[in-house]
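# Reading the structure
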Amino acid sequence: MIYTVTLNPSIDYIVQLPTVQLGELNRMTGDIKLPGGKGINVSRVLNNIGQESTALGFIGGFTGRFITDWLKKEAVGTDFVEIEQDTRINVKVKADIETEINAAGPAVSEKESEQLLQQMDALTADDIVVLSGNKPPTLPEDFYQQMVKKISAAGADFVIDTTGKELMNAIGSRPLLVKPNHHELADLFETTFDSVEDIIPYGKKLIELGAKYAVISMAGDGALFFTESAAYRATVPKGQVKNSVGAGDSMIAGFIGALVSTKDPLEAFKKSVATGSATAFSDDLATKEAIEALVEQVEIKKID
Ligand SMILES: Nc1ncnc2c1ncn2[C@@H]1O[C@H](COP(=O)(O)OP(=O)(O)OP(=O)(O)O)[C@@H](O)[C@H]1O
Ligand SMILES: O=P(O)(O)OC[C@@]1(O)O[C@H](CO)[C@@H](O)[C@@H]1O
């Protein structure tokens, strides 16, 4: 079974307006409410491509109910730990420039966090766990490490999509996949990149440190893929970006979905890029049809 873990889900409140006048009353021209949080996005895209998964994490209050109702309607499997406080609302402003305002999230009690850790004890070597996103502030600093320890003890595979110290601490435990974007990769190694050539040694470093596969996304500039023996660059399909929220999560879903069904990592990378773009070109997340319409536009070249 594929499990996704979203420690800090959200309602993504996407608001559209031509420009934002700071200090003035602004009126929206449109708005959309979507279930959000990185792991939940991964589960929704997996569902769209016909791959079963169970979404885990902390959910609470009226905002939490919005998410669980939505996922139930889409027949996405869930086994959330119910918490006392309300799930957060993240605001995504789509004006002439895009601005995201993410909330810190609810307090999670020790008892609630223990319940999630116990779920990790039931994993088996056939499972893949996707750990994604920021953690609510009350969880211990090493909460991801605690989960990774249990996942590894069960012999299950894991994917980790977080940043900074949390990513660095997990990478030695041999994740199946890491997918930082090029900014996150630069931050991770406290450096800056001026060209794709600058990125390559750092992609290789992710593999040396323990990742089996690493995808580095570069938004409209393509993506890089690193394995133990090679590096590849993909072009991204051409299209109009409508809403890039969840594009990175969609890449993870596309990769894992294709890897599980084809066992071919390069095919998985190709699907990953098409899935990211299919989300970027939609208001909501990628559908199977949208991915299939784009996949042949993705060209992959071996670069190392
Ligand atoms: N302008 C674009 N044209 C085509 N595809 C795009 C564009 N921007 C993003 N994408 C698709 O989305 C993928 C992920 O983009 P990005 O590098 O911004 O990841 P991310 O920062 O993790 O995304 P996010 O945080 O917005 O979910 C890209 O690899 C590509 O497939
Ligand atoms: O605050 P985090 O957990 O880092 O990111 C949360 C979030 O921005 O990520 C998703 C897109 O990747 C959105 O659905 C959600 O609002």
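All values derive from a computational prediction rather than experimental measurement. Note on numbering: residues in each chain are counted from 1, in written sequence order. Both sets of labels track the order of writing: A upward for chains, 1 upward for ligands. Residues qualify for local features only when their pLDDT is at least 70, as the model is predicted, and side-chain atom pairs are given and counted only at 80 or more; totals for whole chains, interfaces and linings, by contrast, use all residues.

### Examining the overall build of the chain
Strands are runs of DSSP state E lasting at least two residues, helices are runs of H or I lasting at least four, and both sets are numbered from the N terminus onward. Across its full length, the chain holds 10 helices and 15 strands. Relative to its length of 304 residues, the chain is compact, with a C-alpha radius of gyration of 18 Å against a globular reference of 19 Å. Counting only C-alpha atoms, the chain reaches 50 × 50 × 40 Å along its principal axes. Whether a residue is buried, exposed or partly exposed is read from the other C-beta atoms within 10 Å of its own C-beta, which are placed from the backbone; 20 or more gives buried, 12 or fewer gives exposed, and intermediate counts give partly exposed. Going through the 304 residues of the chain one by one, you find that 46% of them count as buried. All radius of gyration figures rest on C-alpha atoms, and the globule criterion is 2.2 Å times the number of residues raised to 0.38.

### Brief notes about unusual backbone geometry
Even without being glycine, Ala75 reaches a positive phi, approximately 60°. Here Ala75 is to be found in the loop between helix H2 (61–73) and strand S5 (77–78). Although it is not a glycine, Arg174 adopts a positive phi angle of roughly 60°. Summarising the element assignment, Arg174 is placed in the loop between helix H5 (164–171) and strand S11 (177–178).

### Focus: the site of ligand 2
Close contacts around ligand 2 come from 15 residues, with Gly36, Asn90, Asn102, Gly133 and Asn134 the closest. Broken down by secondary-structure element, the contributors of at least two residues to the shell around ligand 2 are strand S2 (10–16), helix H1 (38–48) and helix H8 (247–262). In terms of residue class, the shell around ligand 2 is made up of one nonpolar, 11 polar and three charged. Near residues are defined by distance alone, with the backbone-placed C-beta atom required to lie within 6 Å of the molecule or strand. Note on residue classes: Ala, Val, Leu, Ile, Met, Phe, Trp, Tyr, Cys and Pro are nonpolar, Asp, Glu, Lys and Arg are charged, and everything else, Gly too, is polar.

### Section: the pairing of strand S12 (residues 213–217)
Burial runs high along S12: five of the five residues are buried. Residues of S12 alternate between two faces, with Tyr213, Val215 and Ser217 on one and Ala214 and Ile216 on the opposite face, all of them buried. Pairing of S11 with S12 involves two bridges; the strand directions are parallel. Its bridge partner lying in S12, Val178 is registered against Ala214. For two strands to count as paired, DSSP must find a minimum of two bridges between them.

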